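# Structural characterization, general
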Amino acid sequence: MTPQVEPENQFLEQLGQRVRTMRALRGMSRKTLAKVSGISERYIAQLESGKGNVSIVLLRRVSAAMGAHVEDLIPTADTTPDWLVIRDLMRTATPQQIAQAKEALSGNGAARGNTFAGIALIGLRGAGKSTLGKMLAKKIGWTFVELNKEIEKQNGLSVAEIIALYGQEGFRRMEQAALAQLLARKELIVLATGGGIVSEPVTFDLVLSSFYTIWLKAKPEEHMGRVRKQGDLRPMADDRSAMQELRTILLSREPLYARASAQIDTAGLDVEEAAKRLADTVAPLLAKEPITFAPRAVAAQ
């Protein structure tokens, strides 16, 4: 056994974890990923368990021998000299420098953080975002918008058709464009987002910086039960491991959902009770004159 074996095993395990997490963030089952990628489900299972093809390790050895990062050897569209400089600067930047760079690259400058667009509800399907969002909007007199419906309206295609034609990447681009158009209206709204919006860092960061964001959470069994009642099993239809996949998705997204300004646990609550808890959570925010926004961590239990 050479000294390189242990770090290489660790590298493969970390790679497998990243693949598993990324798949869960996008709400894809292993079977779905295999079908879309054209790679066997068995190989994906091996990759996620840290037993990836040895060629990955060899690629890592080559990059290490040259004092480079393994991603430097993978051809992408972002290999311009400026991008390489920016990437290396970001690797050594302080948190404050990264925050300043984000503001500059967003094109909105410092004013972005002070723009209040309303209240956004995030969470898995079956959390009650649409139902409770409509009730809250009616109560406070704001416009209710379901982001997926807005995407369909702007593109003239259903979400399923968009994904079939343009893939997940294309859908995420349209999601970000739809959100930008909503913000351009400059009106207060209650926004129900798609469960996977957290998988796109730039889009989710825009939500967090523009809305008072609330994570509607429940037990996995409740999420599944509500989704089944809606007759919506995507993207886990015909998958015997649907419940386990749902748990994996939730586990992967929880750290991102937890970045919300507030959390509301709807487990065991009926619609009226959950709606009251949501209204109570936003009451202090609405009482402020004028309404301002500052991301913070508040848990409503």
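What comes next concerns the included structure. (Residues numbered from 1 in each chain as written. Predicted model: local features only at pLDDT ≥ 70, side-chain atom pairs only at ≥ 80, totals over all residues. Heavy atoms only, no water.)

## Concerning the packing of aromatic side chains
The cut-off we apply is this: A pair of Phe, Tyr and Trp rings is counted when the ring centres sit within 6.5 Å of each other, with Trp represented by its six-membered ring. The angle between the planes then sorts it: under 30 degrees is stacked, over 60 is edge-to-face, the rest tilted. By the criteria applied, helices consist of DSSP H or I runs no shorter than four residues and strands consist of E runs no shorter than two, each listed in order from the N terminus. For a ring to carry a charge above it, either NZ of a lysine or CZ of an arginine must fall within 6 Å of the ring centroid while also lying within 35 degrees of the normal to the ring plane.
Taken as a whole and assessed by the stated rule, the structure comprises 2 aromatic pairs. Seen in terms of ring centroids, Phe116 and Trp142 are 6.3 Å apart; in terms of plane orientation they differ by 70°. Their pairing is edge-to-face. Of the two residues, Phe116 sits in the loop between α6 (95-106) and β1 (118-122) while Trp142 sits in the loop between α7 (129-140) and β2 (143-146), which places them 26 residues apart along the sequence. Over the ring of Trp215 we find Lys217, and its NZ or CZ is 4.4 Å from the ring centre.

## Brief notes about a nonpolar patch on the surface
Spelled out, the test is: Without a salt bridge and with relative accessible area above 30%, a residue can belong to a patch; like charges are then joined within 9 Å and nonpolar side chains (Val, Leu, Ile, Met, Phe, Trp, Tyr) within 5 Å. We get accessible surface area from the Shrake-Rupley algorithm with a probe of 1.4 Å; when it comes to residues, only the shown protein chains can shield them. Salt bridge, as used here: a side-chain nitrogen of Lys or Arg that lies within 4 Å of a carboxyl oxygen of Asp or Glu.
A grouping of Trp83, Ile86 and Met90 is seen on the molecular surface, where their side chains present a nonpolar patch of about 260 Å² in accessible area. The topology assignment puts Trp83 in helix α5 (residues 81-92).

## A few points about helix α12 (residues 242-257)
Quick reminder of the rule: A helix is expected to reach a length of 1.5 Å times the quantity of its residues less one. One axis is fitted to the seven residues ending at the residue and one to the seven starting there. The bend at that residue is the angle between these axes. A simple rule labels every residue: compare its accessible area, found with a 1.4 Å probe on the protein chains alone, to the largest value its type can have, and call it buried under 20%, exposed over 50%, or partly exposed in between.
The end-to-end C-alpha distance of α12 is 21 Å, a good match for the 22 Å that 16 residues give at a rise of 1.5 Å each. The axis of α12 is deflected most strongly, by about 30°, at Leu251, and proline Pro255 appears within four residues downstream. Inspection of α12 places Ala242, Glu245, Leu246, Thr248, Ile249, Leu250, Ser252, Arg253 and Tyr257 among the buried residues, and these make up the whole buried set.

## Examining the nonpolar core
Here is the rule we go by: Here the nonpolar core consists of buried residues drawn from Ala, Val, Leu, Ile, Met, Phe, Trp, Tyr and Cys, with membership extended through side-chain atoms lying within 4.5 Å. The contact criterion used throughout is that any non-hydrogen atoms of two residues lie within 4.5 Å.
Counting residues in hydrophobic clusters, the biggest one holds 33 residues, and the most contacted among them are Leu147, Ile151, Leu191, Phe204, Val207 and Phe211. Looking at this core, the elements with two or more residues in it are α1 (5-25), β1, α8 (147-155), α9 (159-184), β3 (189-192), α10 (201-210), β4 (211-217) and α12. Sort the elements by how many residues they give to this core and α9 lands first, with 7 residues. Apart from the residues lying within four places of it in its own chain, the contact partners of Ile151 are Ile162, Phe171, Met174, Glu175 and Ala178. Core analysis: the next-biggest nonpolar cluster, separate from the first, contains 19 residues, Leu136, Trp142, Leu216 and Ala275 among them.

## What about the pairing of β1?
Worth spelling out the cut-off: Strand pairing follows a simple DSSP-based rule, namely that at least 2 bridges must link the two strands.
In terms of burial, β1 is largely enclosed, as 5 of its 5 residues are buried. Sheet topology places β1 next to β3; 4 bridges connect them, and they run parallel. Residue pairing across strands places Ala120 opposite Leu191, the latter belonging to β3. Taken together, the 5 bridges between β1 and β4 define a ladder with parallel strand orientation.

## Overview of the pattern of salt bridges
Taken as a whole, this structure holds 7 salt bridges when the rule is applied. The partner of Glu48 in a salt bridge is Arg23, with the nearest N and O atoms 2.7 Å apart. Residue Glu48 is located in helix α3 (residues 41-48), and its partner Arg23 is located in helix α1; the two are separated by 25 residues in the primary sequence. Relative accessible area serves as the criterion here: at 3%, Glu48 is assigned to the buried category. Of the residues examined, Arg23 reaches a relative accessible area of 5% and is grouped as buried. Lys276 is the salt-bridge partner of Asp280, the closest N and O atoms lying 2.9 Å from each other. With Asp280 and Lys276 both in helix α13 (residues 271-286) and 4 residues apart, this pair spans about one turn of that helix. Owing to a relative accessible area of 45%, Asp280 belongs among the partly exposed residues under this scheme.

That is the geometry; function is a separate question.
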